[in-house]
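# Tertiary structure, described
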Amino acid sequence: MKILILNGPNLNLLGRREPTIYGNLTFDEFFESLKKKYADITLDYFQSNIEGELIDKLHEVGFNYHGIILNAGAYTHTSVAIGDAVKGIETPVVEVHISNVHAREDFRHISYIAPNAKGVIAGFGLQSYELALESFL
Ligand code: DQA
């Protein structure tokens with residue numbers, strides 16, 4: 001089973017960025033522990049701050065991976081193009097958020113990804129990614 005975790009803008013700053021919202025762990029630390037725990041799964045990780053690179057990655061893996069776990073960061077709330085890419089590929093996408101976006105500002109309540117996602121998981125910290133992974137097993 002091949003699963004991609006795809007992170008969008010500013011998520012490279014995890015561990016340093018607003019730790020009261022996003023926690024103290026870097027994504028690399030978390031990803032290493034996830035790979036150890038799910039050693040029988042091919043787990044890949046890609047992060048970009050650039051909208052087009054996220055779309056290119058969705059196209060690249062979206063016809064041959066079993067699942068994509070996507071935290072598009074702020075692009076979730078703005079990007080028709082990422083929403084269209086999720087709609088256009090075959091691989092199911094689970095939208096994840098570290099924070100509970102519905103308990104935050106109104107603009108974070110909108111998602112261009114959710115209508116075309118297999119499901120949405122938000123508010124469980126980095127565990128949101130693990131819950132999304134479990135949904136593919
Ligand atoms: C986020 C929530 C988004 O609203 C925000 O722009 C992010 C992170 C989350 O994981 O909680 O960058 O996607």
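The notes below deal with the structure included here. (Residues numbered from 1 in each chain as written. Predicted model: local features only at pLDDT ≥ 70, side-chain atom pairs only at ≥ 80, totals over all residues. Heavy atoms only, no water.)

Take a nonpolar patch on the surface next. Taken together, the side chains of Val-80, Ile-110 and Tyr-112 make up a nonpolar region of the molecular surface, amounting to roughly 270 Å² of accessible area. Summarising the element assignment, Tyr-112 is placed in the loop between β4 (93-97) and β5 (119-122). Looking at Tyr-112, the relative accessible area reads 36%, which means it is partly exposed. (Patch = residues over 30% accessible without salt bridge, like charges linked within 9 Å, V, L, I, M, F, W, Y side chains within 5 Å. Areas by Shrake-Rupley, 256 points an atom, 1.4 Å probe, with all protein chains shown as cover. Salt bridge = Lys/Arg side-chain N within 4 Å of Asp/Glu carboxyl O. Helix = DSSP H or I, 4+ residues; strand = E, 2+ residues; numbered from the N terminus. Buried < 20%, exposed > 50% of the residue type's maximum accessible area, 1.4 Å probe, protein only.)

Leu-54, Ile-55, Lys-57, Leu-58 and Val-61 are the residues of helix α3 (residues 51-61) that are buried. Seen end-on, α3 carries its buried residues on one side only, within an arc spanning 160°. Turned more than 90 degrees from where α3 packs its buried face, Asp-56 and Glu-60 sit exposed. Considering only its buried residues, α3 is in contact with β1 (2-7), β2 (42-47), β3 (67-71) and α4 (80-88). (Arc of directions from axis to C-beta. Contact = heavy atoms within 4.5 Å.)

Here a ring pair, both rings aromatic, is described through the centre-centre distance and the interplanar angle of the planes. A full pass over the atoms with the stated rule returns 6 aromatic pairs. Between Phe-27 and Phe-31 the ring centres are 6.3 Å apart and the planes differ by 20°, which places this aromatic pair in the stacked class. Of this pair, Phe-27 and Phe-31 both sit in helix α2 (residues 27-37), separated by 4 residues, roughly a single helical turn. Residue classification places Phe-27 among the buried residues on the basis of a relative accessible area of 4%. (Phe/Tyr/Trp six-rings, centres within 6.5 Å; stacked < 30°, edge-to-face > 60°.)

Lining the immediate environment of the ligand, one finds Arg-17, Tyr-22, Asn-71, Gly-73, Ala-74, His-77, His-97, Ile-98, Ser-99, Val-101 and Arg-108. Taking Ile-98, its main chain carries an N or O atom lying 2.7 Å from an oxygen atom of the ligand. Residue Arg-108 places a side-chain N or O atom 2.8 Å away from an oxygen atom belonging to the ligand. Calculation on the ligand without its partners gives an accessible area of 320 Å², and the protein chains cover 99% of this total. (Near = heavy atom within 4 Å. Polar contact = N/O pair within 3.5 Å; in protein donor to acceptor, adjacent residues only side chain to side chain.)

Looking now at the pairing of β1. In terms of burial, β1 is a largely internal element, 5 of the 6 residues being buried. For β1 and β2, the ladder comprises 6 bridges, and the chain directions are parallel. Across the sheet, Ile-3 pairs through a bridge with Leu-43, a residue of β2. Where β1 lies against β3, 5 bridges are found, and the strand directions are parallel. Paired with Asn-7 across the bridge in β3 is Asn-71. (Pairing = 2+ DSSP bridges.)

Honestly, that's just the spatial picture; any functional story needs more than this.
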